[in-house]
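# Descriptive analysis of the structure
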Amino acid sequence: MSAVTRAADTLLDRTLLGYSSIGHLLRKRWWPEDPRPDALAGKVAVVTGAKAGLGKATAIGLAKLGATVRIAVRGDGDAARAEIERAAPGGQVVVDHCDVSLISSVRDYAKNLDGEVDILVHNAGVMPSERRETAEGNELMLATHVLGPHLLTALLRPKFADGARVIWISSGGMYGQPLRADDLQYREGAYRPAAGYARTKRMQVVLAELWADELDGSGVTVHSAHPGWADTPGVATSLPTFQKVTRPILRDAEQGADTFVWLAAAEEPGRYNGMFWHDRAQRPTHYLGKTRETAAQRHELWQSCGRLTGL
């Protein structure tokens, strides 16, 4: 990337225009090349929350590159499987039942999953309008975005193939929130859905870095990424005003999922570990000094996730 291109790329980020469909279209002019059409032939990918939006778009992208895609979803996933197969003719799609928000469901799923896993995409997401807890007593966004994925990574660790990749789907909203390892369950203060969502997305980025350290030398790489502003059912439901105002420049699900598919299939990401990505490029994890966490806070997050998941 030339100095001029790098400056343009940075400007897109700083102005937030890079999060839009405009940023996606501009960056396509200089970003790394697409993976080979058969880059994932013979590989198995697990994608959580793939019934709609970014998860389904990611599953389609992986299936088009030859992967057998296992969509880990709550409830009936047959309609999603049919849509993915139509979009990726010849693709192999398997529906797995797993409620990522429940520790018991994740344990059962990991126990019964046969064979090796080459790609694990932590995509499942929620943003309730009021604070809710799962049947196991964990705040719903923490359970879905943090505890379930953390446990699933740990339990699938023995099943990761050589060169496996783990991808955490975060959000650019995490830039405005620090790591709150002291209040994982969001019990303190007034509950604000968007803030709670961003807090758990910050936790995901930190956990991706910690898992990269944990798996260093094993051949498994771990990355996190954000999609930019994508027009998905989740945004329409949880952030209707934002969607209404920004709709003309929102990305479609395929544009939002592009980097996730690229991270799973391209050669370049395999040369790095524990990075945060957007539009096929590494991005800073902090823009504000007040959001920077300490080593003690990172350690506390890891220990608390282990305790809450029974690890």
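Above this note sits the structure.
Report on the accompanying structure. (Residues numbered from 1 in each chain as written. Predicted model: local features only at pLDDT ≥ 70, side-chain atom pairs only at ≥ 80, totals over all residues. Heavy atoms only, no water.)

## As for unusual backbone geometry
Excluding glycine, a negative phi dihedral is what most residues carry, and trans is how most peptide bonds are arranged. In plain terms, the rule: Here a strand is any run of E in DSSP of at least two residues, a helix any run of H or I of at least four, and the numbering for each starts at the N terminus. Only protein chains enter the accessibility calculation, which uses a 1.4 Å probe. A residue is then buried if its area is under 20% of the maximum for its type, exposed if over 50%, and partly exposed in between.
Residue Tyr186 is not a glycine yet carries a positive backbone phi of 55 degrees. Structurally, Tyr186 can be placed in the loop between β5 (160–169) and α7 (193–214). The backbone of Arg280 sits at a positive phi, close to 60 degrees, despite the residue not being glycine. Locating Arg280 in the fold gives a position in the loop between β7 (276–278) and β8 (281–282). Residue classification places Arg280 among the buried positions, given a relative accessible area of 5%.

## Regarding the sheet that holds strand β6 (residues 221–225)
Spelled out, the test is: Between any two strands, pairing holds if DSSP finds at least two bridges. Any two residues whose heavy atoms approach within 4.5 Å at even a single point are treated as in contact. Axis definition: a line fit to C-alpha positions, over the contact stretch in the case of helices; interaxial angles, taken between N-to-C directions, run 0 to 180 degrees.
Here we have eight strands laid out as an open sheet, ordered β3-β2-β1-β4-β5-β6-β7-β8, and mixed in their pairing. Among the strands making up the open sheet, the edge pair consists of β3 (92–97) and β8. Across five bridges, the pairing between strand β4 (residues 117–122) and β5 is parallel. Bridging from a neighbouring strand, Val117 pairs with Phe160 of β5. Where helix α6 (residues 140–156) meets the sheet, it contacts β1 (44–48), β4 and β5, and its direction lies at approximately 180 degrees from that of β5.

## A look at the packing of aromatic side chains
Selection rule: Only the six-membered ring of Trp is used, alongside the rings of Phe and Tyr, when aromatic pairs are assigned; centres must lie within 6.5 Å, and planes under 30 degrees apart are stacked while those over 60 apart are edge-to-face, with the rest tilted. Lysine NZ or arginine CZ positioned within 6 Å of the ring centre and within 35 degrees of the ring normal marks a charge as sitting over the ring.
Enumeration according to the criterion identifies seven aromatic pairs in this entry. Seen in terms of ring centroids, Tyr175 and Phe276 are 6.0 Å apart; in terms of plane orientation they differ by 75 degrees. Their pairing is edge-to-face. Taken together, the positions of Tyr175 in the loop between β5 and α7 and Phe276 in strand β7 put the pair 101 residues apart, joining distant regions of the chain. Of the two residues, Tyr175 and Phe276, neither departs from the other in class, the shared state being buried. Here the aromatic residues Tyr175, Phe276 and Tyr287 are joined through ring pairs into a cluster of three or more. Against the face of Tyr186 rests Arg199, its NZ or CZ located 4.1 Å from the ring centre.

## A closer look at the environment of Ile169
Relative to the helices and strands, Ile169 is located in strand β5. Given the relative accessible area of 3%, Ile169 is considered buried. Through-space distance from the C-alpha of Ile169 to that of Glu254 is 14 Å; in sequence the pair is 85 residues apart. In contact with Ile169, other than residues within four places in its own chain, are Val121, His122, Asn123, Lys201, Gln204, Ala225 and Phe260.

## Description of the nonpolar core
Keep this limit in mind: For the purposes of this section, nonpolar cores are sets of buried Ala, Val, Leu, Ile, Met, Phe, Trp, Tyr and Cys residues that join through side-chain atoms within 4.5 Å.
Counting residues in hydrophobic clusters, the biggest one holds 38 residues, and the most contacted among them are Phe160, Val222 and Leu301. Taken together, the elements giving at least two residues each to this core come down to α5 (103–112), β4, α6, β5, α7 and α11 (295–309). If we ignore the near neighbours within four places in the chain, the residues touching Leu301 are Leu179, Ala181, Leu184, Met203, Val206 and Leu207. Among the nonpolar cores identified, the runner-up in size contains 37 residues, and Ala45, Leu65, Ile84 and Phe260 belong to it.

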